[in-house]
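Descriptive analysis of the structure
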Amino acid sequence: MKTPDLRRPIPPGRSSGVGPSGPRVLKALLPVAFLSLLFFVDIPLCPMRALFGVPCPGCGLTRATESLLLGEVAAALAYHPLVPVVLPVVAWMLVRVTLVSMGLLRSDSFDPMDRVPMVVWLGLVLVLLAVWVVRISGGLGGHPDPVDPAQGYIARGLLGLADALGLR
């Protein structure tokens, strides 16, 4: 006995959810446009730096990517020594998400990143954190950004509160 097909047919004029369409392309490119605007207006993108006044483990990667794209390898490595490892991974993830959002790639299609064992991802995170600690401590040429916890919003807010209460 043949099993009946219980999937609902796609009504005429409706999209199957695969393939590009104007609204899908706009939705997919909107975050890229927003981040580009923030980049050109020079608004700090790092919440850790804004809150705590300390650069995050990824601080310097944007400038390192820009330097690498301009062919300035030494400058790229000075901004962040892990840019040759992190950039391809992040670029692939962003391109894949954008293509899926645009409908040009199915979300269930093959992704080589799925084949990378979890231990490799954990190792990459540990290396990123280790490099961050070494750079904050002055190693590897130090960090390109100043480390000043007093410039973070939290410290400034607490100092302002202490001033308002007359504790300082």
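Heads up: the structure comes first, above all this text.
These notes cover the structure that comes with them. (Residues numbered from 1 in each chain as written. Predicted model: local features only at pLDDT ≥ 70, side-chain atom pairs only at ≥ 80, totals over all residues. Heavy atoms only, no water.)

1. Some details on the side chain of His 80
Going by this rule: Each helix is a run of DSSP H or I of at least 4 residues and each strand a run of E of at least 2, with the numbering of both proceeding from the N terminus. A 1.4 Å probe rolled over the protein chains alone gives each residue an accessible area, and that area as a share of the maximum for its type sets the label: buried under 20%, exposed over 50%, partly exposed in between. Two residues qualify as a contact provided that any one of their heavy atoms is within 4.5 Å of a heavy atom in the partner residue.
By secondary structure assignment, the location of His 80 is in the loop between α4 (73-79) and α5 (83-102). In this structure His 80 comes out as buried when scored by relative accessible area, which is 0%. Those residues in contact with His 80 that lie beyond four places of it in its chain are Pro 57, Gly 58, Cys 59, Gly 60, Leu 61, Ala 64, Leu 128 and Arg 135.

2. Details of the nonpolar core
Put simply, the rule reads: Take the buried Ala, Val, Leu, Ile, Met, Phe, Trp, Tyr and Cys residues and link them wherever side-chain atoms come within 4.5 Å; each set so joined is a nonpolar core.
Counting residues in hydrophobic clusters, the biggest one holds seven residues: Leu 61, Ala 64, Ala 76, Leu 82, Val 83, Val 86 and Val 131. Going through the elements one at a time, α3 (61-69) and α5 are the ones with two or more residues in this core. For Leu 61, the residues in contact, after removing those within four places along its chain, are His 80, Val 83 and Val 86.

3. What to know about the packing of α3 against α5
Condition: Axes, fitted as lines to C-alpha atoms, cover a helix only where it is in contact. Angles between the N-to-C directions of the axes lie from 0 to 180 degrees. Relative orientations are named as follows: roughly parallel for angles under 35 degrees, roughly antiparallel for angles over 145 degrees, roughly perpendicular for angles from 65 to 115 degrees, and oblique for any other angle. Side-chain classes are defined by residue name, with Ala, Val, Leu, Ile, Met, Phe, Trp, Tyr, Cys and Pro counting as nonpolar, Asp, Glu, Lys and Arg as charged, and the others, Gly among them, as polar.
The geometry of α3 relative to α5 is characterised by a closest axis approach of 10 Å and an angle of 90° between their N-to-C directions. Considering the angle they form, α3 stands roughly perpendicular to α5. Along the contact surface, α3 presents Leu 61, Ala 64, Thr 65 and Leu 68, while α5 presents Val 83, Val 86 and Leu 87. A class-by-class count of the residues in the contact of α3 with α5 yields six nonpolar, one polar and no charged.

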